[in-house]
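Each chain, letter by letter, is given below.
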Amino acid sequence: RKLSRPSPGSEMVGRLLAALCATWVTPAAGVRTTMDGFIAESSTSFRYSQQVAVPSLGSLRDVFANITDTCEVLIRVRASSVNPTDRHADQYRLPKVLGSDVSGEVIAVESGCQRLRRGDRVWGDIGANAFFPNGTQTKELGAYGTYAVALETQLGVFPET
């Protein structure tokens, strides 16, 4: 994923992407430890990076206080879209990987997953409102990276046809 000329919005998206990934340190077996992504480095500064830490299963519960779902899923991202809210970076988690709409392939699931399996093609919105332990509201995000972690309940499976 390379852009010939980044737009101002894509630079911001990159900075947000790195911040979220910077908190994830244990990738699933067979997954690289770094990835490409659009990250936010501040609330107004964004860029593309090829050295973003790959997210790991369990990281959402580690970072956010209101995540109670028992199943996290690691996705190899194949596509995402750009939304106005993807341009917002909070000051609490930088750098942070941006992006809320995601589609891709499940490459790892936690043991508590009931619906999704490795190899499933999925789509969803991972830009849920989330809260840090201190009560500060933020967005989950992460779809502008090569890999993203989502809750099983945020994802749907593509139909066979």
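What counts, and at which threshold
- Per-chain numbering applies: the sequence of each chain, read as written, is numbered from 1 onward.
- In keeping with the predicted nature of the model, local features appear solely for residues at pLDDT of at least 70, side-chain atom pairs appear and are counted solely at 80 or more, and the whole-chain, interface and lining totals rest on all residues.
- Excluding hydrogens and water, the side-chain values take into account all heavy atoms of the structure.
- Burial classes: relative accessible area under 20% of the type maximum marks a residue as buried, over 50% as exposed, and values in between as partly exposed (1.4 Å probe, protein chains only).
- Centres within 6.5 Å are what make two rings of Phe, Tyr or Trp a pair, Trp counting through its six-membered ring; a difference in plane orientation under 30 degrees is then read as stacked, over 60 as edge-to-face, and the rest as tilted.
- Under the scheme used here, helices are H or I runs from DSSP no shorter than 4 residues and strands are E runs no shorter than 2 residues, and both carry numbers assigned from the N terminus.
- Salt bridges are identified by distance alone: a Lys or Arg side-chain nitrogen within 4 Å of an Asp or Glu carboxyl oxygen.
- pLDDT is a residue-level measure of predictor confidence that goes from 0 to 100.
- Contacts were defined at the residue level, with two residues in contact if any of their heavy atoms lie within 4.5 Å.

S.K.: Before we go on, may I ask you to explain unusual backbone geometry in this structure?
M.R.: With glycine set apart, most residues show a phi of negative sign, and most peptide bonds adopt trans. Of note, the phi angle at Leu141 is positive, near 60 degrees, even though the residue is not glycine. Under the relative-accessibility criterion, Leu141 is labelled buried at 1%.

S.K.: In this structure, what is going on with the packing of aromatic side chains? I would like to understand it.
M.R.: Note on aromatic pairs: each is described by the distance of the centres and the angle between the planes. Per the stated rule, a full pass over the model turns up three aromatic pairs. Note on Phe38 and Tyr144: the rings are 6.5 Å apart at their centroids and 85 degrees apart in plane angle, and the pair reads as edge-to-face. Placement of Phe38 in strand β1 (residues 34-40) and of Tyr144 in the loop between β8 (137-139) and β9 (147-151) is noted, with a sequence separation of 106 residues between them. A relative accessible area of 13% means that Phe38 is categorised as buried.

S.K.: Explanation requested: the pattern of salt bridges in the structure shown.
M.R.: Opposite charge on two side chains permits them to pair, given that their charged atoms come into close proximity. Counted under the stated rule, the structure contains five salt bridges. As a salt-bridge pair, Glu105 and Arg78 come within 4.0 Å of each other at their nearest N and O atoms. Residue Glu105 is found in strand β5 (residues 101-109), and its partner Arg78 is found in strand β3 (residues 72-80); the two are separated by 27 residues along the sequence. For Arg78, a relative accessible area of 54% puts it in the exposed group. Each of Arg61, Glu72 and Glu110 takes part in a single network of salt bridges with overlapping partners.

S.K.: What is the right way to look at the confidence of the model for the protein chain in this model?
M.R.: The predicted coordinates ought not to be read in detail in places where the model reports low pLDDT. On average, the protein chain scores 78 in pLDDT, and the residues at 70 or more come to 78%. Overall, residues 1-8 carries pLDDT values under 50, and its contacts beyond four positions in sequence, including any with other chains, amount to ten contacts. The low-confidence segment residues 12-28 (pLDDT under 50) makes 116 contacts with residues lying over four places distant or belonging to another chain.

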